[in-house]
Amino acid sequence: MDRIKRALRKAEAERAATAPHPAQPAVAEVDTPAAATGQWAPQKTRVVRVPEDVLERNRLVAALPNHELADAYRILRTRVVRTLEGHGWNSLAITSPATGCGKTLTAINLAISLARELTHTVLLVDLDLRNPSIHRYFEYQPEYGIGDHIDHDRPLEEILFSPGIERLVILPGRESITDSSETLRSPRMVALVTELKTRYPDRLIIFDLAPMLAMDDAIAFAPYVDSVLMVAENGATRREDLQNSIDSLGETPLIGTVLNRVETTKHDHYYGGYGRGERRSNST
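Residues numbered from 1 in each chain as written. Predicted model: local features only at pLDDT ≥ 70, side-chain atom pairs only at ≥ 80, totals over all residues. Heavy atoms only, no water.

Asker: Would you take a moment to explain the packing of helix α4 (residues 70-87) against helix α5 (residues 103-115) for this structure?
Answerer: When two helices pack together, you describe them by how their axes are tilted relative to each other and by the distance separating the axes. Across the interface, α4 lies against α5 with an axial gap of 9 Å and an inter-helix angle of 75°. Judged by the angle between their axes, α4 and α5 are roughly perpendicular. Where α4 abuts α5, its residues Tyr73, Arg74, Leu76, Arg77, Val80 and Val81 lie against Leu105, Thr106, Asn109, Leu110, Ser113 and Leu114. (Axes fitted to C-alpha atoms, helices over the stretch in contact; angles between N-to-C directions. Helix = DSSP H or I, 4+ residues; strand = E, 2+ residues; numbered from the N terminus. Parallel < 35°, antiparallel > 145°, perpendicular 65-115°, else oblique. Contact = heavy atoms within 4.5 Å.)

See below:
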């Protein structure tokens, strides 16, 4: 048991080290409705203006229209949308076999790319409860997180923020939640997810989950989403770990696998091995 605990603590430390850690918030906050900003955001949602250098520094390339890797996310977006629409789904969880595969960065960039399509609004939810990090990529420290809604009934409108990207809203985490798998299966969380999935029929919801083999969070939450996208790291993710992760999803459909950190060329960069709505055992 001690060895397992030490392994979990080591995994959490490694994951924390891979995400940006802003010493000071590098963004301005504007509490104003969408009509005043000229950008889309639900009424009362906080708009956080993220400078372009922050986006570039933290590799949020889908928000940089002329970045050479933005096309990779456009292709991924198109394939994801095609699969979701083909099945009448609107929710997608993103996870990975282990830490350091780039799942959170993939989730953010995919959410940004989806939001840039005029036909969708997108809600990105940080459900990596042990290590919430989506807000760090925007160098923004939220006052409240999803745990405050689940445990203390904090209204969602006080938690949600828009990073100044039209049609994209983020439900962030704030601090690590120790009993994360129990929280993910709690009636309050299940009710919240049901509400998020059904309130707006044209909204796509992206959930960033913890790595599959580090803890049981993703396994616990998988039954509540329509589909899962797996992120693997080129040269680091072992085939048996990927297969074990896929097998652990149970009946939840795996729509594909993103192979991250691939050597790039002009016409073939960033990702590969994306499935077409079928389970794959040898995606890498």
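Following the structure, the description resumes.
Asker: Mind showing me how you'd approach the nonpolar core here?
Answerer: For soluble globular proteins, nonpolar side chains are generally found buried alongside one another. Core analysis: the biggest nonpolar cluster contains 43 residues, and Leu124, Phe138 and Ile206 have the highest contact counts within it. Ile150, Leu156, Val193 and Leu249 belong to the second largest nonpolar core, which has 33 residues in total. (Core = buried A, V, L, I, M, F, W, Y, C linked by side-chain atoms within 4.5 Å. Buried < 20%, exposed > 50% of the residue type's maximum accessible area, 1.4 Å probe, protein only.)

Asker: Help me understand the pattern of salt bridges in this model?
Answerer: It is possible for side chains of opposite charge to pair when their charged atoms get near one another. Under the counting rule described, the total for this entry stands at 15 salt bridges. For arginine 167, the salt bridge is made with glutamate 166, and the minimal N-O distance between the two is 3.9 Å. We note a salt bridge from lysine 197 to aspartate 226, for which the minimum N-O separation is 3.6 Å. Of the two residues, lysine 197 sits in helix α9 (residues 187-199) while aspartate 226 sits in the loop between α10 (217-221) and β8 (228-233), which places them 29 residues apart along the sequence. For the residue pair lysine 197 and aspartate 226, the accessibility class agrees, reading buried in each case. The network of salt bridges with common partners includes Asp53, Arg57 and Glu139. (Salt bridge = Lys/Arg side-chain N within 4 Å of Asp/Glu carboxyl O.)

Asker: Honestly, α4 in this entry has me stumped. Any pointers?
Answerer: It helps to recall that an α-helix has 3.6 residues per turn; residues three or four apart then point in one direction. Its 18 residues give α4 an end-to-end C-alpha distance of 26 Å, which sits within 8% of 26 Å, the value for a rise of 1.5 Å per residue. Three or more residues of α4 are buried, namely Ala70, Ala72, Tyr73, Leu76, Arg77, Val80, Val81, Thr83 and Leu84. The buried side chains of α4 occupy one side of the element, clustering within an arc of 165° when seen end-on. For α4, the exposed residues lying more than 90 degrees away from the buried face are Arg82, Glu85 and Gly86. Buried residues belonging to α4 abut β3 (91-95), α5, β7 (203-209), β8 and β9 (254-260). One or two positions beyond α4, positive phi appears at glycine 88, with a value near 70°. (Expected span 1.5 Å × (residues − 1). Arc of directions from axis to C-beta.)

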